[in-house]
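# Examining the three-dimensional arrangement
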Amino acid sequence: NADAVKNVKLYKAGFPSEYGGKLSSVIDIRMREGNRKDFHVTGGLGLISSRLTLEGPIVKDKGSFIISGRRTYVDIFTSILNETNKDNEDWVQIPNYSFYDINLKVNYDLGEKDRLFLSGYFGRDVFLYNADGINFNFEWGNVAGTLRWNHTISSKLFVNTSLTFSDYLYNIKNKFDEFDVSLGSGIRDLNLKTDFSWFPSTKHLIKFGLNGIYHRFSVGRFNAGNGSSLNFEAGSEFHSGEFAAYFSDDWTISNRVKLLTGLRISGFYNAGQFYWAAEPRLA
């Protein structure tokens, strides 16, 4: 939702050392902070979706919030068309599709050197088809939240400590008369990280930090049955941990020369085995 976004950075190569575990590219999305002085309501109507954003101060000049949501109404139109033409023998029913998402961010000054941030995201896509004795439901989406503490050590040194939770899932459900079948998978992550930023000068940024991630993978969750005499379940669940430490130096030497160097040491733990690697970065 563009109304909730402050800026977006796309890294296609030469990733800074703070990013790891990615194959091809990284998108860094930063959310807006709410207005600290006044309440504002904005929104928009589109051909397939509408949006609404509320923002304002919690305590004037000390904290604020922003909440922004979107929803499509394609499913409303398709439902009306299907209902209008239900007695038409030549009508082929149109599947219903919809999506919705909500972005939330709250910030508050704990003191002159400390700020607290809480941000969250909830989104779902839903695809439905119900005709000819088939009841098909496919939905997928993500829930994510971050609690971040920003501390100013000095005018040139800052530290951010973040606790992040995310839960992605998809689920496919089919119902044939009295028999239900569902298939799904999911990834749940809990991430704790600390990032230091040091500015020796306006053209020189040094960053270093640590992070650890706990992963839970739910694979191939399968359920089938009629709720009484016949029921069957299958699926697997895997757990692993990921750890990393990094150092990066971003130095703008002149208007034509910029040097980005760094080192990332990362590893993961799975099934009683620990693996690690060192990745030098230069761009």
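About the thresholds
- Residues numbered from 1 in each chain as written.
- Predicted model: local features only at pLDDT ≥ 70, side-chain atom pairs only at ≥ 80, totals over all residues.
- Heavy atoms only, no water.
- Helix = DSSP H or I, 4+ residues; strand = E, 2+ residues; numbered from the N terminus.
- Rg over C-alpha atoms; globule rule 2.2 N^0.38 Å.
- Contact = heavy atoms within 4.5 Å.
- Areas by Shrake-Rupley, 256 points an atom, 1.4 Å probe, with all protein chains shown as cover.
- Lys, Arg positive; Asp, Glu negative; His and termini not counted.
- Charge placed at Lys NZ, Arg CZ, Asp CG, Glu CD.
- Phe/Tyr/Trp six-rings, centres within 6.5 Å; stacked < 30°, edge-to-face > 60°.
- Lys NZ or Arg CZ within 6 Å of the ring centre and 35° of its normal.
- Pairing = 2+ DSSP bridges.
- pLDDT = per-residue confidence, 0-100.

Secondary structure assignment for the chain yields 1 helix and 14 strands. Relative to a compact globule of 283 residues, whose C-alpha radius of gyration would be 19 Å, the chain shows 24 Å and is clearly more extended. Principal-axis analysis of the C-alpha atoms places the extent of the chain at approximately 75 × 55 × 40 Å. A separation of at least 24 residues holds for 50% of the contacts in the chain among residues at least 6 apart in sequence. Here the chain displays about 17900 Å² of accessible surface, and carbon together with sulfur accounts for 61% of that area. Looking at charge distribution, the chain has the averaged site of its 32 positive side-chain charges lying 12 Å from that of its 31 negative ones.

This structure, assessed with the given rule, holds 11 aromatic pairs. For the ring pair Phe 243 and Phe 274, a centre distance of 6.3 Å and an interplane angle of 45° mean the geometry is tilted. Of the two residues, Phe 243 is situated in strand S12 (residues 231–252) and Phe 274 in strand S14 (residues 273–282); the sequence distance between them amounts to 31 residues. Above the plane of the ring of Phe 117 lies Arg 148, whose end atom (NZ or CZ) is 4.0 Å from the centre.

What follows is about the pairing of strand S5 (residues 63–72). As paired elements, strand S4 (residues 49–59) and S5 share 10 bridges and run antiparallel to each other. Opposite Val 59, over in S5, you have Gly 63 as the bridge partner. Direction of pairing for S5 relative to strand S6 (residues 96–109): antiparallel, over a ladder of 9 bridges. Looking across to S6, one finds that Ser 64 is bridged to Asn 107.

This brings us to the confidence of the model for the chain. Summarising the model, the chain shows a mean pLDDT of 90, and 98% of its residues fall at 70 or more. Looking across the chain, the model is least confident in S14, with a mean pLDDT of 80, and most confident in S5, with 96.

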